[in-house]
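What follows is each chain in one-letter form.
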Amino acid sequence: MHRTIRSTARLIPLAALGLAMTGPAAAQALPAAKTLLDRHVAATGGSHRRSLETLRTAGTFSMPAMGASGELLMIQARPNLMSMTVTIPGLGEIRTGFDGTTAWSLNPMEGPRVLSGGELVQLKDDAAFDSSLRDPSLVASMETVEKTAAGGRDCYKVRVTWKSGRETFDCFDVDNGLLVASWQTAETAMGPIETTVLYADYTKFGELTMPARTTQQVMGQEMVIMLTSVDFEAADASIFAPPPEIRALISK
């Protein structure tokens with residue numbers, strides 16, 4: 001390899017070698033997606049999460065570029081019940097929920113909406129209690145596609161194909177195995193929007209280890225969520241029932 005290559009004939013095997021190194025042999029150097037997921041689940045107490053029936057997380061959020069901030073409360077219960085309330089001073093409450101059948105949103109800017117199509121599919125996946133564990137009941141396949149970087153960390157990027165037909169990407173830290181980023185095309189009332197979520201400052205809450213700081217990047221804007229408390233108290237079923245404004249839409 002130290003000698004000058006003098007003929008095209010000598011380039012051919014080297015080119016073939018280059019192609020080989022970017023083919024199956026290189027792909028085999030990437031860890032299997034299941035290995036990466038299992039490492040993350042073990043590091044975050046995923047086995048304990050599977051024994052839980054309810055999860056209540058509270059925190060604050062801020063949008064620095066807009067000078068907006070507020071509080072966030074999300075309650076989840078098995079198998080796929082979810083209620084989230086975002087409170088913004090001067091604006092009011094933005095509420096989103098899924099009761100196992102109906103997905104809905106209610107906010108001062110759009111009014112009450114019953115979600116359908118891609119928005120319904122996405123919220124139904126997200127509301128599943130073991131969604132963050134990429135449970136096989138929800139996910140059709142996972143594949144490690146590359147080693148890259150996100151949030152200042154080297155990570156392995158994994159393509160997640162959901163049984164619902166959605167495709168998202170996760171990136172697991174090369175060193176500690178924790179999820180550091182995820183990407184998806186989020187379905188919204190304004191249409192599909194490319195979204196990046198960065199996870200940082202993993203903190204132990206009881207038996208679970210969760211990112212205390214989550215940064216959502218959408219259309220050049222950032223929203224930072226700081227997790228302040230987590231508890232596992234049973235939630236009354238009425239919490240997940242659609243509010244009157246949504247029930248009125250459903251009855252129509």
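What comes next is a walk through the structure. Everything numeric here is computed off the predicted structure, so don't read it as measured data. (Residues numbered from 1 in each chain as written. Predicted model: local features only at pLDDT ≥ 70, side-chain atom pairs only at ≥ 80, totals over all residues. Heavy atoms only, no water.)

## Overview of the side chain of threonine 144
In this fold, threonine 144 is placed in strand β7 (residues 139-150). A polar atom in the side chain of threonine 144 sits 2.6 Å from the backbone oxygen of proline 31. Looking at threonine 144, its side chain comes within polar contact range of the main-chain nitrogen of alanine 33, at 3.1 Å. Discounting residues that sit within four places of it in the chain, threonine 144 has contacts with Leu30, Pro31, Ala32, Ala33, Leu36, Tyr156, Lys157 and Val158. (Helix = DSSP H or I, 4+ residues; strand = E, 2+ residues; numbered from the N terminus. Polar contact = N/O pair within 3.5 Å; in protein donor to acceptor, adjacent residues only side chain to side chain. Contact = heavy atoms within 4.5 Å.)

## Side note on the state of the cysteines
Between two cysteines, a covalent bond joining their sulfur atoms is known as a disulfide. Counted by the stated rule, this structure contains 1 disulfide. Across the disulfide from cysteine 155 sits cysteine 171; the S-S distance is 2.3 Å. Taking the sign of the torsion about the S-S bond as the criterion, the disulfide between cysteine 155 and cysteine 171, at about 80°, is right-handed. With cysteine 155 in strand β8 (residues 153-162) and cysteine 171 in strand β9 (residues 167-173), this pair connects stretches of sequence that are 16 residues apart. Judged on exposure class, the residue cysteine 155 and its partner cysteine 171 are both buried. (Disulfide = S-S within 2.5 Å. Buried < 20%, exposed > 50% of the residue type's maximum accessible area, 1.4 Å probe, protein only.)

## With respect to helix α3 (residues 33-44)
Side chains three or four residues apart in an α-helix point the same way, a direct result of the helix having 3.6 residues per turn. For α3, spanning 12 residues, the distance from its first C-alpha to its last is 17 Å, which sits close to the expected 16 Å at 1.5 Å a residue. Among the residues making up α3, those that are buried are Ala33, Leu36, Leu37, His40, Val41 and Thr44. Projected down its long axis, α3 carries its buried residues within an arc of 130°, all on one side. Facing away from the buried side of α3, by more than 90 degrees, are the exposed residues Lys34 and Ala42. Immediately downstream of α3, the backbone of glycine 45 shows phi near 80°, a positive value. (Expected span 1.5 Å × (residues − 1). Arc of directions from axis to C-beta.)

## Here's the deal with the pattern of salt bridges
Side chains that carry opposite charge are capable of pairing whenever their charged atoms lie near each other. On inspection of all chains with the given rule, the structure shows 12 salt bridges. Two residues, arginine 56 and aspartate 231, come together in a salt bridge whose shortest N-O distance is 3.4 Å. Of this pair, arginine 56 sits in strand β1 (residues 54-63) while aspartate 231 sits in strand β13 (residues 221-231), and the two are 175 residues apart along the sequence. Note on arginine 56: relative accessible area 21%, which makes it partly exposed. Overall, aspartate 231 belongs to the partly exposed group, its relative accessible area being 25%. Of the charged contacts in the structure, one is a salt bridge between aspartate 125 and arginine 166, with a shortest N-O distance of 2.9 Å. With a gap of 41 residues between them, aspartate 125 in helix α5 (residues 117-127) and arginine 166 in the loop between β8 and β9 connect regions that are remote in the sequence. You can call aspartate 125 buried: its relative accessible area is 7%. (Salt bridge = Lys/Arg side-chain N within 4 Å of Asp/Glu carboxyl O.)

## Here's the deal with the side chain of threonine 215
If you trace the backbone, threonine 215 turns up in strand β12 (residues 208-218). What makes threonine 215 buried here is its relative accessible area of 9%. Not counting chain neighbours up to four residues away, the residues in contact with threonine 215 comprise Thr196, Val197, Leu198, Glu222, Met223 and Val224.

## Notes on a nonpolar patch on the surface
Together, Val114, Leu249 and Ile250 make up a nonpolar patch on the protein surface, roughly 210 Å² of accessible area in all. Tracing the sequence through the fold places leucine 249 in helix α6 (residues 244-251). (Patch = residues over 30% accessible without salt bridge, like charges linked within 9 Å, V, L, I, M, F, W, Y side chains within 5 Å. Areas by Shrake-Rupley, 256 points an atom, 1.4 Å probe, with all protein chains shown as cover.)

## Considering the pairing of β7
Within a regular strand, side chains alternate between the sheet's two faces. Taken together, the 10 bridges between β7 and β8 define a ladder with antiparallel strand orientation. Across the sheet, residue glutamate 143 finds its bridge partner in β8, namely arginine 159. In this antiparallel pair of consecutive strands, β7 and β8, the connection spans 2 residues, and glycine 151 shows a positive phi of 60°. (Pairing = 2+ DSSP bridges.)

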